[in-house]
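# Examining the three-dimensional arrangement
So you can see what is in the structure, the chains are spelled out below.
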Amino acid sequence: MTEDMTRGLTERGLTRARATALWQIVQHGPMTQRELADLLLVTPRNVTTLVDALERTGFVTRTAHDEDRRAVLVRPTRKGTAAAHRMDTETARLADDLFGDLPAKDVATVNRVLAQLEERIQR
């Protein structure tokens, strides 16, 4: 599955890291690179590299902040918004393929176990 996902992203000019950053920008709206770094739990330098690549490939633009002249906002372009929506659609389709015919009780159990695993990993 990871190989298929990576291949699909590569065909669109994205890496997993760039896709994650783009998805956050689309979901949360225009934001500073610092805010994006905080969301992604990475350094601002990491985000600069990601945003540079996303801007170069037409997924985002940088614009002046409306209220803070020193700050720059990262905004999704139409291409970026469309790519994020496509990722959402494909994720929903995959979830339906994997879990669509399972009883709701079983899906709830899977979600509960995954949440517990995530909590353990976070610790």
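As the structure is a prediction and not an experimental result, all values here were calculated from the model. (Residues numbered from 1 in each chain as written. Predicted model: local features only at pLDDT ≥ 70, side-chain atom pairs only at ≥ 80, totals over all residues. Heavy atoms only, no water.)

## What to know about helix 2 (residues 16-28)
With 13 residues, helix 2 should reach 18 Å at 1.5 Å per residue; the first-to-last C-alpha distance of 18 Å fits that figure. Considered for burial, the residues of helix 2 that qualify are Ala 19, Ala 21, Leu 22, Gln 24, Ile 25 and Val 26. Gly 29 lies just past helix 2 and shows a positive phi near 85 degrees. (Helix = DSSP H or I, 4+ residues; strand = E, 2+ residues; numbered from the N terminus. Expected span 1.5 Å × (residues − 1). Buried < 20%, exposed > 50% of the residue type's maximum accessible area, 1.4 Å probe, protein only.)

## Examining the side chain of Thr 32
Along the chain, Thr 32 falls in strand 1 (residues 31-32). Residue Thr 32 is classed as buried on the basis of its relative accessible area of 15%. With residues up to four places along the chain from it excluded, the contact list for Thr 32 reads His 65, Ala 71, Val 72 and Leu 73. (Contact = heavy atoms within 4.5 Å.)

## Here we look at the confidence of the model for the chain
Counting all residues, the mean pLDDT for the chain is 89, and 98% of those residues have values of 70 or more. No element of the chain has a lower mean pLDDT than helix 1 (residues 2-11), at 74, and none a higher one than strand 3 (residues 72-76), at 95. (pLDDT = per-residue confidence, 0-100.)

## Quick look at the packing of aromatic side chains
This structure, assessed with the given rule, holds 0 aromatic pairs. One Lys or Arg, Lys 79, reaches over the ring of Phe 59 and ends 4.6 Å from the middle of that ring. (Phe/Tyr/Trp six-rings, centres within 6.5 Å; stacked < 30°, edge-to-face > 60°. Lys NZ or Arg CZ within 6 Å of the ring centre and 35° of its normal.)

## Regarding helix 5 (residues 78-99)
For helix 5, spanning 22 residues, the distance from its first C-alpha to its last is 31 Å, which sits close to the expected 32 Å at 1.5 Å a residue. Listing the buried residues of helix 5 in full gives Gly 80, Ala 83, Ala 84 and Met 87. Each buried residue of helix 5 lies within a common arc of 95 degrees when the element is viewed along its axis, so the set occupies one face. Counted as exposed and oriented over 90 degrees from the buried face of helix 5: Arg 78, Asp 96 and Asp 97. (Arc of directions from axis to C-beta.)

## Section: the sheet that holds strand 2 (residues 60-64)
Within the open sheet, the 3 strands sit side by side as 1-3-2. Their pairing is antiparallel. Every interior strand has two partners, whereas the edge strands, strand 1 and strand 2, have only one. Alignment of strand 1 against strand 3, held across 2 bridges, turns out to be antiparallel. Note that in strand 3 the partner of Met 31 across the bridge is Val 74. (Pairing = 2+ DSSP bridges.)

## Examining the nonpolar core
Among the nonpolar cores identified, the biggest contains 21 residues, and Leu 14, Leu 22, Leu 36, Leu 54, Phe 59 and Val 60 are the most heavily contacted of them. Secondary structure elements with two or more residues in this core: helix 2, helix 3 (33-40), helix 4 (44-56) and helix 5. The greatest single-element share of this core, amounting to 5 residues, is contributed by helix 2. With residues near it in sequence (within four places) discarded, Leu 36 still touches Ala 21, Gln 24, Ile 25, Met 31, Val 47 and Val 51. (Core = buried A, V, L, I, M, F, W, Y, C linked by side-chain atoms within 4.5 Å.)

## Quick look at a nonpolar patch on the surface
Residues Leu 94, Leu 98, Phe 99 and Leu 102 make up a contiguous nonpolar surface patch of roughly 310 Å² in combined accessible area. Note on placement: Leu 94 falls in helix 5. Of the residues examined, Leu 94 reaches a relative accessible area of 38% and is grouped as partly exposed. (Patch = residues over 30% accessible without salt bridge, like charges linked within 9 Å, V, L, I, M, F, W, Y side chains within 5 Å. Areas by Shrake-Rupley, 256 points an atom, 1.4 Å probe, with all protein chains shown as cover. Salt bridge = Lys/Arg side-chain N within 4 Å of Asp/Glu carboxyl O.)

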